[in-house]
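So the chains spell out like this:
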Amino acid sequence: MTTTLERPSASPERPADLLLSVHDLRTYFHVMDGTVKAVDGVNFSIRRGETLGIVGESGCGKSVTALTIMRLLDMPPAEIPTGSILFEDRDLLTLPDNEMRKIRGNEIAMIFQEPMTSLNPVFTIGHQISEAVRQHLKVSKKEAVDRAIESLRLVGISFPERRVKQYPHEMSGGMRQRVMIAMALSCEPKLLIADEPTTALDVTIQAQILELIKRIQADTGTALMLITHDLGVVAEMVHDVVVMYAGRVVEEGTVDEVLLQPKHPYTEGLLSSIPSKGLRGSRLNVIKGTVPNPFNMPVGCNFQPRCPYAFEPCPEHDPRIEEGGGPPVACWLWKRAPGHDIPQGLHDAQVAAARQAAAAKAGGVSGAVPTELRGEEIAS
Amino acid sequence: MTVEGSTGNGRASGDSLVVVKDLRKYYPIQSGILRRKIGDVRAVDDVSFDIKKGEILGLVGESGCGKSTLGRTLLRLLPPTGGEAYLDGQSIFEQNGRGLKDLRRRMQIIFQDPVGSLNPRMPISDIIGEGLLAQADKENGWGNRKTRDDRVGEYLEVVGLRRDYARRYPHEFSGGQRQRIGIARALALAPEFIVCDEPVSALDVSIQSQILNLLIDLRREFGLTYLFIAHNLSVVQYLSDRVAVMYLGKVVEMAPVERLYDDPRHPYTVALLSAVPEPDPRLRKQRIVLKGDVPSPANPPSGCRFRTRCWLYEQLGRPENCVEEEPPLRELAPGQLAACHWAEKINPDSIRQAARTEGISAGTPGQQRAAEEAEEASMVSDSPLDKPVADENAVPRA
């Protein structure tokens, strides 16, 4: 596990600036009704100073991935049967707890989605920030508070000297999120994990926070792992994107590749279901059905029951992204399935036919839409 | 406009279904053991608009701007403080007893939270049937269990669910399905007007598009009129015919959807639109980042309420009339109203200039000062309500 050769080869030419690489990570939860494979074989890597976006809908495993990296999950019920998380040259999964505690909050910091509930209501924010500082750096109480004031100033909070004496309830949502960011940055982490940092905020406040994160990243060179469901935020913020669906990575690439030329049918469906100006008056695209039941994942490709292009190999074989070469998309439309010797060009025909069918289905825009089309959800 | 339609006997002019005139909703701030009133939170302050039959009016604004309060007051789910409202010429606020009950059937609401708005102890048949039972009379026969269940099944099918789901309980459904149940509940009473209060904010993108398609289909099928409240500007753009933008209890701009998005005439609308991230990396826009938070509606700034965060105010060297005079809504183009003294000064150049001074600590010194003053003011006040109010509905998807 110590050799660089075993690392995922997302950037084989630049292993030196590799900060974090996650390899075949699986996180299962054993609960009463069975086992939930929340994260099921995920690979990705982040270079120093880079921003990686992890995109997906609720329940796709993006937050669990982050919590696994931070080792914040209770085990049991969680179990990590396979995988490695190499941070610089340490495997976070095998580190003893006290070593991990030195990294957590210090070298890797995390911002959570809920600025309302991630701060402790009974302590002043100065106390909460300086607590983190004193945990990791050998400084006096006074110095820790000074550092807290400094980091509050960095995130654009005015009168930080007075703000450190206030409690979370005295602040608005945007300000609390700034406090969270200040706390995360107080120890100058090498990697910042932001789990939906702006989802609970208004759009003008979101703009402030995104600008703030961008500026801080430029100033400090912190790498950022941005978890979000908002493809707009992704387009705005990141270099590389990983799209997750039901615990697996279905597509990866640069932000331009993924958002402008999506390969996976899920990514394509997601992008075309966003309402936008050009779509006014037409029906929005819909990904039929719902996310599969976590206790009963489909065999083969787990998107196949909802996929408009599904064909023979899809229910049989699982099209994972192979490490070290191969197309960066988990889909049999883009590669040859085992035992299915499909001639080149058939895929295109398949896609074209499916698109045509979809277009015909969506054609009833002007007329009354038959009821069965509304039943786009599969009966559970 | 609304004014001529709502005077005198309150008959709406032309084809307006809903007419709202000078609607006010204040929440009292009480203090001390005697709960004496010490002030008001002006959640909705003199709002006027009308909605034509079959039209979708989008209502956008940030948390705490009063958009949900407006929707609820309009339906008399909250008592109004002042103003008038009419549904098809009938006064909404003056009705009582039987008249009010009939009105309630004709105006319905779809709530944001698909979890919190369905009683977990009731089967779906009761959740949807409850309204029918309340509105039962000899004519419709909804008092009869069989008739009621038939109607429930019928409307479950209308929203794309199976008839036999009526026996199940809310926890057996996904978020999207629950939202469909909420829609079926509103529709079952055959309303004319529906307030959609952030109906898709809690849903994932792929589910959101299903619900939006459904709402559009239903409008066509049943000839419905919507007041569509949302904070997502793309959703509002996709769905609405006209859009009203609210800031701190006031409508600051109202226009047909194309005009509002192509040529906004209020600095707040301009900033709001520039802040929306587009899912296209080629379109990384010039953003205007507003400073600070929304001021407290208990103590709104004098004159124009937006001036403490306004980029145009700074750009024009802080003109006095912004501080002294409250700008009225005035018509700047056919159908386009904006409440800004200096709306004519908004042009591509001024917007570009404002976007260039973006940044957290950047911004003009004056702007910085204004933001700090506002913050200072909010810090020294000790009233619990005298600070930015978080919308009670601001619980987006987890």
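Nothing here was measured: the structure is a model prediction, and the numbers come from that model.

**Thoughts on the overall build of chain B**
Moving on, step 1. If you tally the helices and strands in chain B, you get 13 helices and twelve strands.
Moving on, step 2. Of the contacts formed within chain B by residues at least 6 apart in sequence, a portion of 67% connects residues at least 24 apart.

**So, unusual backbone geometry**
Residues and elements named next belong to chain A.
Moving on, step 1. Of note, the bond from Met75 into Pro76 is cis; its omega dihedral lies within 30 degrees of zero at -15°.
Moving on, step 2. Along the chain, Pro76 turns up in the loop between helix H1 (62-69) and strand E4 (78-79).
Moving on, step 3. Positive phi is not limited to glycine here, since Asp24 has a value of about 45°.
Moving on, step 4. Among the structural elements, Asp24 can be located in strand E1 (residues 18-31).
Moving on, step 5. For Asp24, a count of 15 C-beta atoms within 10 Å corresponds to the partly exposed category.
Moving on, step 6. Positive phi, close to 45°, is recorded for Ala246, a residue that is not glycine.
Moving on, step 7. Mapped onto the secondary structure, Ala246 falls in the loop between strand E10 (240-245) and strand E11 (248-254).
Moving on, step 8. Owing to 22 C-beta atoms within 10 Å, Ala246 belongs among the buried residues under this scheme.

**Section: the sheet that holds strand E4 (residues 82-87) of chain B**
Residues and elements named next belong to chain B.
Moving on, step 1. The strand order across the open sheet built from four strands is E2-E1-E4-E5, with neighbouring strands paired in antiparallel fashion. Of all the strands in the sheet, just strand E2 (36-52) and strand E5 (90-91) have a single pairing partner and so form its edges.
Moving on, step 2. Relative to E5, E4 runs antiparallel, the two being bridged by two bridges. What sits directly across from Tyr86, in E5, is Ser91.

**Considerations on the nonpolar core**
Moving on, step 1. By size, the foremost hydrophobic cluster in this structure holds 221 residues, and its most contacted members are Met225(A), Val243(A), Ala184(B), Phe228(B) and Val245(B).
Moving on, step 2. Dropping the residues within four chain positions of it, Met225(A) is found in contact with Ile46(A), Leu52(A), Ile54(A), Ala66(A), Leu191(A) and Ile193(A).

**Here's the deal with the packing of helix H3 (residues 125-136) of chain A against helix H4 (residues 141-154) of chain A**
All names here are of chain A.
Moving on, step 1. Contact pair H3 / H4: the axes reach a minimum separation of 8 Å and the direction vectors enclose 115°. One finds that H3 runs roughly perpendicular with respect to H4. Considering the relative orientation of H3 and H4, their crossing is right-handed. Residues Gly126, Ile129, Ser130, Val133 and Arg134 of H3 touch H4, and the partners they reach there are Lys141, Ala144, Val145, Arg147, Ala148 and Ser151.
Moving on, step 2. When grouped by side-chain class, the residues that make up the contact of H3 with H4 number five nonpolar, three polar and three charged.

**Remarks on H1(A)**
Residue and element names in this part refer to chain A.
Moving on, step 1. Burial within H1 is extensive, with eight of its eight residues counted as buried.
Moving on, step 2. Taken together, the buried positions of H1 are occupied by Lys62, Ser63, Val64, Thr65, Ala66, Leu67, Thr68 and Ile69.
Moving on, step 3. Of the residues flanking the end of H1, it is Arg71, one or two places downstream, whose phi is positive at about 55°.

**Overview of the packing of H3(A) against helix H6 (residues 173-185) of chain A**
Residues and elements named next belong to chain A.
Moving on, step 1. Where H3 contacts H6, the axes come no closer than 8 Å and their chain directions differ by 25°. On the basis of the axis angle, H3 is roughly parallel to H6. Our pair here, H3 against H6, has a crossing hand that is right-handed. Taken together, the residues of H6 that come into contact with H3 (itself represented by Ile125, Gln128, Ile129 and Ala132) are Val179, Ala182 and Met183.

**A short note on the sheet that holds strand E9 (residues 242-247) of chain B**
All names here are of chain B.
Moving on, step 1. Spatial ordering of the open sheet is given by E6-E7-E8-E3-E9-E10-E12-E11, a layout of eight strands whose pairing is mixed. Of all strands in the sheet, those bounded by a partner on one side alone are strand E6 (107-110) and strand E11 (330-333). Direction aside, neighbouring strands of the sheet carry axes that sit 25° apart on average.
Moving on, step 2. Of the pairings in the sheet, the one linking E11 to strand E12 (residues 336-338) comprises three bridges and is antiparallel in character. Residue pairing for E12: Arg330 is matched across the bridge by Ala338.

**A few points about the confidence of the model for chain A**
Residues and elements named next belong to chain A.
Moving on, step 1. Scored by pLDDT, chain A has a mean of 79; 84% of the residues are at 70 or more.
Moving on, step 2. Across residues 1-14, where pLDDT falls below 50, the model places 23 contacts with residues more than four positions away in sequence or in other chains.
Moving on, step 3. Segment residues 362-380 is flagged for pLDDT under 50; beyond a separation of four residues in sequence, or across chains, it makes 26 contacts in the model.

**Brief notes about the pairing of strand E9 (residues 223-228) of chain A**
Residues and elements named next belong to chain A.
Moving on, step 1. Most of E9 is tucked away, with six of its six residues classed as buried.
Moving on, step 2. Residues Ala223, Met225 and Ile227 point to one face of E9 and Leu224, Leu226 and Thr228 to the other, with burial holding for every one of them.
Moving on, step 3. Bridge count between strand E3 (residues 51-55) and E9: five bridges; the pairing is parallel. Following the sheet pairing, Leu52 is matched in E9 by Met225.
Moving on, step 4. Inspection of the sheet shows strand E8 (residues 191-195) paired to E9 by five bridges, in the parallel sense.

**Side note on the confidence of the model for chain B**
Detailed conclusions should not be drawn from predicted coordinates in areas where pLDDT is low.
Residues and elements named next belong to chain B.
Moving on, step 1. Chain-level pLDDT for chain B is 82 on average; 85% of the residues reach the 70-or-more range.
Moving on, step 2. Taken element by element, chain B is modelled with least confidence in helix H13 (residues 365-380), mean pLDDT 49, and with most confidence in E9, mean pLDDT 94.
Moving on, step 3. Note on residues 1-12: pLDDT under 50 across the span, and 25 contacts to partners over four residues away in sequence or across chains.
Moving on, step 4. In the predicted assembly, ipTM is 0.76 and pTM is 0.80.

**Some remarks on the pairing of E9(B)**
Residues and elements named next belong to chain B.
Moving on, step 1. For E9, a buried count of six out of six residues is recorded, marking the element as mostly surrounded by other parts of the structure.
Moving on, step 2. Here E9 shows a buried face lined by Arg242, Ala244 and Met246 and a second buried face lined by Val243, Val245 and Tyr247.
Moving on, step 3. Sheet topology places strand E3 (residues 56-60) next to E9; four bridges connect them, and they run parallel. Counterpart to Leu57 in the pairing with E9 is Arg242.
Moving on, step 4. The hairpin formed by E9 and strand E10 (residues 250-256) contains two residues between the paired strands, and Leu248 there has a positive phi angle of roughly 50°.

**Regarding the environment of Asp102(B)**
Residues and elements named next belong to chain B.
Moving on, step 1. Looking at the element boundaries, Asp102 is found in helix H2 (residues 97-106).
Moving on, step 2. By C-beta crowding, Asp102 is classed as exposed, having 12 other C-beta atoms within 10 Å.
Moving on, step 3. When the C-alpha positions of Asp102 and Gly83 are compared, they lie 21 Å apart, and in sequence the two are 19 residues distant.

Rules used in this analysis
Residues numbered from 1 in each chain as written. Chains lettered and ligands numbered in written order. Predicted model: local features only at pLDDT ≥ 70, side-chain atom pairs only at ≥ 80, totals over all residues. Helix = DSSP H or I, 4+ residues; strand = E, 2+ residues; numbered from the N terminus. Contact = placed C-beta atoms within 7 Å. Buried ≥ 20, exposed ≤ 12 C-beta atoms within 10 Å, placed from the backbone. Pairing = 2+ DSSP bridges. Core = buried A, V, L, I, M, F, W, Y, C linked by C-beta atoms within 7 Å. Axes fitted to C-alpha atoms, helices over the stretch in contact; angles between N-to-C directions. Parallel < 35°, antiparallel > 145°, perpendicular 65-115°, else oblique. Left-handed = near helix turned anticlockwise from the far one by under 90°. Nonpolar A, V, L, I, M, F, W, Y, C, P; charged D, E, K, R; others polar. pLDDT = per-residue confidence, 0-100.

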